[in-house]
Amino acid sequence: MAPPFVIPDSLKDLEEEAMPDEDDRLCAHDVIQIEALSPSEIDELVKGVAFDLADKELFCVEEQSVFDQIYSLVKGFSCLEPAAKGNLIESLRSNFSVLLPNITSLSRSSPSRSDGLSLQERINSHRNALKIYTYFLQTIIIAEELQPDSQPQPRTNNAKGKNSRKKHVPQAWNWELQRSKIISILATAVETDLKQLYGQSDPEENFLAFVAKGAFAMLENPALLKDKDTKDDLCRIIGACATKYHYTMQSSASILHLIHKYEFLPQHIADAVAQAEKKYADGSLAISLIREIGRMNPKDYARDASGAENVGRFLVELADRLPRLMSTNIGMLMPHFGGESYKIRSSLVGVFGKLIAKAFKDTDSNSSSGTHRLRSKQAMLDVLVDRCRDVSAYTRSRVLQTWGELCEEHAVSMGLWNQVSEIAAGRLEDKSAMVRKSALNLLTTLLQYNPFGPQLRTSTFEATLEKYKEKLDGMSPPSTSNSNEVNGVVVKTESSENEEGDGDDVSSGDAAEENPSLEENVEIVENYVDSGPSENNVADSGPSQVENQVDINDRTPDVGSLEQTRALVASLEAGVRFAKCMSSTMPILVQLLASPMATDVEHGIQFLMRCRQFQIDGAESCLRKMLPLAFSQEKAIYEAVEGAFISIYIRKNSMETAANLINITIDASIGDLAALEHIITALVTKGDITSGTISALWDFFTFNVNGVTAEQSRGALSVLCMAAKSSPKVLSSRLLNIIDIGFGRWAKEEPLLARTACIALQRLSVEDRDSLVSVNRRVFNVLQSLIIGPGLSEQSWYAASEQAINAIYALHPMPEMFLSDVIRKFHGSVFGQTEALEQLASHVEKEEDAASLPNGPLSVHVTKLSRYMFVVSHVAMKHLVYIESCVRKVRKQKADKERAAAESQAAKLDDIDATQSSDKASEENNINAELGVSASEDARLDLLAEKAEKEIVSGRQNNFFIIGVCAPVIAKLCRNITLLQQFPGLQASAMLALCKLMVVDAEFCDANLQLLFTVAQNAVSESVRSNCTIALGDLAVRFPNLLDPWTENMYARLNDQALSVRKNAVLVLSHLILNDMMKVKGYISEMALHLEDEDLRISNLVKLFFHELSKKGNNPIYNLLPDILSRLSRQNISKEMFCNIMQVLIGSIKKDKQMEGLIEKLCHRFSGITDKKHWVDIAYCLSQLTYTEKGFKKLADLFKSFEHALSEDAVIEYFKSITNKAKKFAKPELKSSVEDFEEKLIKCHEERKEQERTMQNAMAHQQKVAGPMEPDNSNLEETSCVTECEAREEGLVQEDKVDESRSQESTRDAVGDVETDNLVACESADISDSRNREGESKMNTGTSPIAAKSCRKGKSREKLKKGVKLEVLTNTDEDNSHAIDSQTSPASVRPETVNPDENLSSTISSQDTRGEVESVPKRIIHDPADRSEITPLHSESVEIVGKGMSRRKKPTSLKIVTEEPEGTVIDGEKENKSGQVPQTPSTRSVRRTRQKDKVPPSTRSLRKR
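1. Some thoughts on the overall build of the protein chain
Assigned secondary structure in the protein chain consists of 70 helices and five strands. Of all 1505 residues assigned to the protein chain, the portion counted as buried reaches 49%. A separation of at least 24 residues holds for 75% of the contacts in the protein chain among residues at least 6 apart in sequence. When the accessible area of the protein chain is evaluated, it comes to approximately 71,800 Å², of which 50% is carbon and sulfur surface.

As structure tokens, then:
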């Protein structure tokens, strides 16, 4: 009898040398070195082994010689030829397949046989053979499958070596087939009943471990799993080892290792576990896996994200295959809901969804186990509801997806339906796009599978509910308990948490699900509520059809007993709640349609289409809001809009399609019409709008359809105009119909019909235009009568006349001649035939009053005058466009002519030698280039175009240019504010005409620019101010140099009280800045203020502006942020508002390098600033920055710059927050530096606070000691004034200017420094005496300290008292003194000349030859050339003698003259009437530098104070 075979750890362990002390085990004694044999010898050896295995008994493998040969061949298997490999595998596999049936027949064999072997010996032989065959076959798989790269090449006698190996590879050797056979026989072996071999015990652990290890190793190869049979065999092996032979713990560990490592395995492992549970009716392997997953530390999953995802997928797959087993063991996984890994939480949510849908079907609620299972189900539903508020967006999204799956599985009861709907509606406002997408999909699913009916109009449900409530009241006994019982039914149906009694512990939602009577009542609801068309046909039924279908009779149908009626009422109430919930989402959907995320738009449109299908209130109007999305650059968004448009409005029936297009066009806005035109043009091109639809539209337009109104006719023509944009032939055959109907009697009934007809004329093809002009001149007479005649109403005339003028320029060969006649005739109808245009213009230039005419006052109808100005201005605008089009046409003709000439010349020179032709052509080109022929022609064309454009408005010197004659009339009328205030409509037309004329001509624009800004601010009408604001944007594009000095006034439009004006100002400035038409200056802080505008839309527009601005170049916000910070700190805004603004601005900076630069810039801002509020603001901004290691080191290096500001508690708190954030990302070596920096901050803060307390005590003691003494009021006033000026001005002066001023004071003046912390001024005795004398003079003259402080501080005139006029006087030359300010014309606006980057409160000083100083506010200084404009005023005046000027020869006196001004002046600087050009920032800087050089050091020191 052969010794027993023991599974070794490795193949070499079977050799005798490896086991010297193991004489009782079967091992290899005579090992043959296969590598040393020739191919023929190897072939002979393989054939011999095969013969022995086939000829001898199955147990011959126990024989030492056969065992040694098989071992040698398996060890050198990689060196065998393919034929030899196949022969060896087939021999082993065939014997193994015969052995397995013999194992099951051992029990039927006799105890003794003829061969003399006992039953136990045969069992041992079978056991040995089983292990030997299993070991060798699986070792072959491992050698061939898992280590292909390490196989040595077989030896051959062929000298070619590797080349000979390649020739043997493609021989008859199919390893995949052999592998599948081996795995199949191994699976059959482990599934065989081995009790005959091992009795009641399991096979050896090393045998099971070896088989399972091989199976797990093969699972790592994804190619193996693609073969279904191979995968099933591996699952059989794993299931048998783990379940049948109780190799569970070790298998669980291996399975979890594989799941964590390979992402493709969870599904296959779940299949293996499920097969094992199903085949052996034992879920021990699944329970063991669940237990091991539950025991793992949740923090481990947080660190291993990929492993957590794989484990979560495995749990979901396992719950899908074994829902009941998972539901009984789900408690072991609940601790992971509190873990940090969102992937595990999301997977558990999916597990709950699978369990709710599959694990609780066919549950008997009467039994105790059924009640327990229903309670478990309710607990899971509660968890799903709570997880909708998970901190992770992935988990929230997964929860909503799970609810959608439950709805599709009909696993959500009616009681939970509304709760889930409200949760989904609330998640539409989630900050995560994926959650919003899941919420939209869930709402769509809820609508599709709702149990309330195919139509969900709220009014219909409420009417039906009222009927059945009345019926229920009639059926109920007259007692209060019944009414409460009805309410109880409602609560039971809608609540998911109410539990009653011991037998009613199941939730109301599940009770409704399990109650058959309630399901019957739900069917009754579907039958009795809106028994209209089915779900598929709802989209085809219009609102009128639905209203006809909803007919509630006076007799309410009987639904049965009292309980059924109560359930029906509860169901109807739930339906009303559901319909209201769906309709409440419409405002949010409108916002989602404007979302930058494509998923929001796509799924929002899908949900809106579903809402329209179910007749949800407001869905139709919301779908209109999607039309502007047709202009989206995102292809997915446009395709979604186009698909929705086709599914809603395009039908197979042409008449229905035409009717739908007409209905959507009638009430559409201008933006919707543009979007419709874009969509319809694309659909006509693609052929989705057929010729039958076009014919139907013509039938509607020509009133060939019964019941067509003028409005529908106009809508049909609008659609035809849209179609004609891509196919002009649409309008070719119906020109007479357009003229007759569009300008006939129907035009008076429909205001916009004439306008649409004019647009149709502009869409004609070139051939149709030529034929219309040459054959039918009637059209121009019609257009002229439309412009001049009084046929149209005031409401429709402007739109029709605008398009009529456009049509004339599009059709007429000489539009300027025709329209000049039109204007002359119009002028005659307005002013009368007696007054010629030229005479009127000449008198307008001479007269001061625009209403005065040569023959006396002329009464003009306001409406006619408004129309006249509109026509003149629009003709001017269109003529400018016409000139540009003519220039383009000439250049195109020139280019075509040159191209044709070149082609003809090339054709003529084909026969000439190519070299000569090229030389000649290059010579001609060189000659033309030297002579500048082409350039001169282009310059001449540009000169002609410029001259033609200029003569439109400025050509009034010649009587030929009619618009130039009318322009002064319009400008003079716009200046007559008194007249225009009486007629708001006239003012709107006049200003609109003025703006158009200003866009045309630069000189006219320059002359009236101040008037435009004045009206833009002071006009009473909100629409006039809005129009002026929009016009300013057009002017800034056309004449940027003229508008540059008025930049501050343009930003001032942001502060208008009217919402529309502010919105237009934001849009205009955003357009100009983002398109590089306006430089971003310091005034951008005005735009930043509107990040917190009271109107949400304006706030969002400003946020969008800064978001787009941050994308330009190197992010201009990085350079603008410090200046915006300074300006916002000086303004009186709340702390919360400031923080919100800076958060948005800082959040737009993403680059680490820019963050580090901001740290340095903001730290330097601390220097030279004494305003504590400014300190706090800078510290807050520093705390909002993102710090890297380099950035934090830079902050620590700049400690000296902000050291003095650490005395403030708020500042130190912000710096502590910086260190706390730095500790989170800091490495160990940096963390010590952070802690040292924090200690340094705290120490400096304590020292500064101690200094402040000491200073306060000293000052209090000084005041106490000096208390009995009589104070010098003049000195006190002067000290307080200087102190306050110093404190405010120090915060506004830049650091370099402070350093410069300090150095100049130290070198030029011996006056002591002013210490900013203590605010104490050390003065010499002579200065104090001078101040006392000057203080007495000041008290005698009665000058108030406030006036002196304001003058000394140099406030801008806007901050001074209204009507105060300052004059600078000197004792030596009083006659040459001039007024600081002068009276301007009423409500006039002047361009701003102050550099926005400079501090507004600084002053300008000058010194004469004798050292006298004149100090006045900077913003109100005027040139002496303006003395002619000063109006002498007669009022009291007082002199203020400057203090602290002991070194000056003569003091400076300020004369304060009080008088109420006649008009409001925006800016202090006034333009000379003589045409003086406003000062630019560069010239003003030069002047300031020269004045600064003349100021002595003492004056600078005083001005600083």
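2. Describing the nonpolar core
Judged by nonpolar contacts, the single largest core of 379 residues is most densely connected at Trp403, Phe1106 and Phe1215. With eleven residues, the single largest contributor to this core is helix H44 (residues 862–908). If we skip the residues at most four places from it in the chain, Trp403 touches Leu381, Leu384, Val385, Cys388, Val412, Val420 and Leu442.

3. Regarding the pattern of salt bridges
Opposite charge on two side chains permits them to pair, given that their charged atoms come into close proximity. If you walk through the whole model with that rule in mind, you get 54 salt bridges. Residue Asp320 pairs with Lys358 through a salt bridge whose shortest N-O separation is 2.0 Å. Note that Asp320 is positioned in helix H15 (residues 305–321) and Lys358 in helix H17 (residues 342–358), a separation of 38 residues in sequence. The partner of Glu677 in a salt bridge is Lys725, with the nearest N and O atoms 3.3 Å apart. One end of the pair, Glu677, is in helix H33 (residues 670–686); the other, Lys725, is in the loop between helix H35 (710–724) and helix H36 (735–742), and 48 residues separate them in sequence. Taking relative accessible area as the criterion, Lys725 reaches 54% and is therefore assigned exposed. In this structure, a network of salt bridges that share partners links the residues Glu191, Asp233, Arg236 and Lys279.

4. Some thoughts on the confidence of the model for the protein chain
Parts of the model with low pLDDT should not have their predicted coordinates read in detail. On average, residues of the protein chain carry a pLDDT of 75, and 71% of them reach 70 or more. Here residues 478–554 is a poorly scored stretch, pLDDT under 50, and it has 126 contacts once near neighbours within four places are set aside; other chains count. Counting contacts from residues 843–856, a segment whose pLDDT is below 50, to residues more than four positions away or on other chains yields 16 contacts.

5. Observations concerning the environment of Leu986
With respect to the helices and strands, the residue Leu986 is situated in helix H49 (residues 984–1000). Taking the relative accessible area as the measure of exposure, Leu986 reaches 3% and is therefore buried. Sequence spacing of Leu986 and Cys974 is twelve residues, and the spatial spacing of their C-alpha atoms is 9.4 Å. Not counting residues up to four positions away in its chain, the partners in contact with Leu986 are Val862, Leu865, Ser866, Met869, Leu973 and Leu980.

6. Structural notes on the packing of helix H11 (residues 248–261) against helix H13 (residues 284–295)
Closest axis-to-axis distance for the H11/H13 pair is 9 Å, and the angle between their directions is 55°. Classified by the angle between their axes, H11 and H13 sit oblique to one another. You can see that H11 and H13 cross each other, and the crossing is right-handed. Across the interface between the two elements, Thr248, Met249, Ser251, Ser252, Ile255 and Leu256 from H11 touch Ser284, Leu285, Ser288, Leu289, Glu292 and Ile293 from H13. Here the contact of H11 with H13 is composed, by residue class, of six nonpolar, five polar and one charged.

7. As for the packing of aromatic side chains
Each aromatic ring pair is summarised here by two numbers: the centre-to-centre distance and the angle between the ring planes. Across all of its chains, the model carries 32 aromatic pairs by this definition. Note on Phe96 and Tyr133: the rings are 5.7 Å apart at their centroids and 20° apart in plane angle, and the pair reads as stacked. Taken together, the residues span a long stretch of sequence, with Phe96 in helix H3 (residues 82–104) and Tyr133 in helix H4 (residues 119–146) at a distance of 37 residues. The pair formed by Phe96 and Tyr133 is uniform in burial state, with each residue classed as buried. Judged by centre distance (5.8 Å) and plane angle (70°), the ring pair of Trp698 and Phe701 falls under edge-to-face. Here Phe701 and Trp698 lie together in helix H34 (residues 691–701), a separation of three residues that amounts to about one turn. Like Phe701, Trp698 is buried. We note Arg745 situated over the ring of Trp746; from NZ or CZ to the ring centre the distance is 4.1 Å. Over the face of the ring belonging to Tyr1118 we find Lys1161, whose NZ or CZ atom lies 4.3 Å from the ring centre.

8. Overview of unusual backbone geometry
The phi dihedral of Ala281 is positive, around 55°, even though this residue is not glycine. Counting through the fold element by element, Ala281 comes out in the loop between helix H12 (266–280) and H13. In this structure, His410 is a non-glycine residue whose phi angle is positive, near 55°.

How each quantity is defined
Residues numbered from 1 in each chain as written. Predicted model: local features only at pLDDT ≥ 70, side-chain atom pairs only at ≥ 80, totals over all residues. Heavy atoms only, no water. Helix = DSSP H or I, 4+ residues; strand = E, 2+ residues; numbered from the N terminus. Buried < 20%, exposed > 50% of the residue type's maximum accessible area, 1.4 Å probe, protein only. Contact = heavy atoms within 4.5 Å. Areas by Shrake-Rupley, 256 points an atom, 1.4 Å probe, with all protein chains shown as cover. Core = buried A, V, L, I, M, F, W, Y, C linked by side-chain atoms within 4.5 Å. Salt bridge = Lys/Arg side-chain N within 4 Å of Asp/Glu carboxyl O. pLDDT = per-residue confidence, 0-100. Axes fitted to C-alpha atoms, helices over the stretch in contact; angles between N-to-C directions. Parallel < 35°, antiparallel > 145°, perpendicular 65-115°, else oblique. Left-handed = near helix turned anticlockwise from the far one by under 90°. Nonpolar A, V, L, I, M, F, W, Y, C, P; charged D, E, K, R; others polar. Phe/Tyr/Trp six-rings, centres within 6.5 Å; stacked < 30°, edge-to-face > 60°. Lys NZ or Arg CZ within 6 Å of the ring centre and 35° of its normal.

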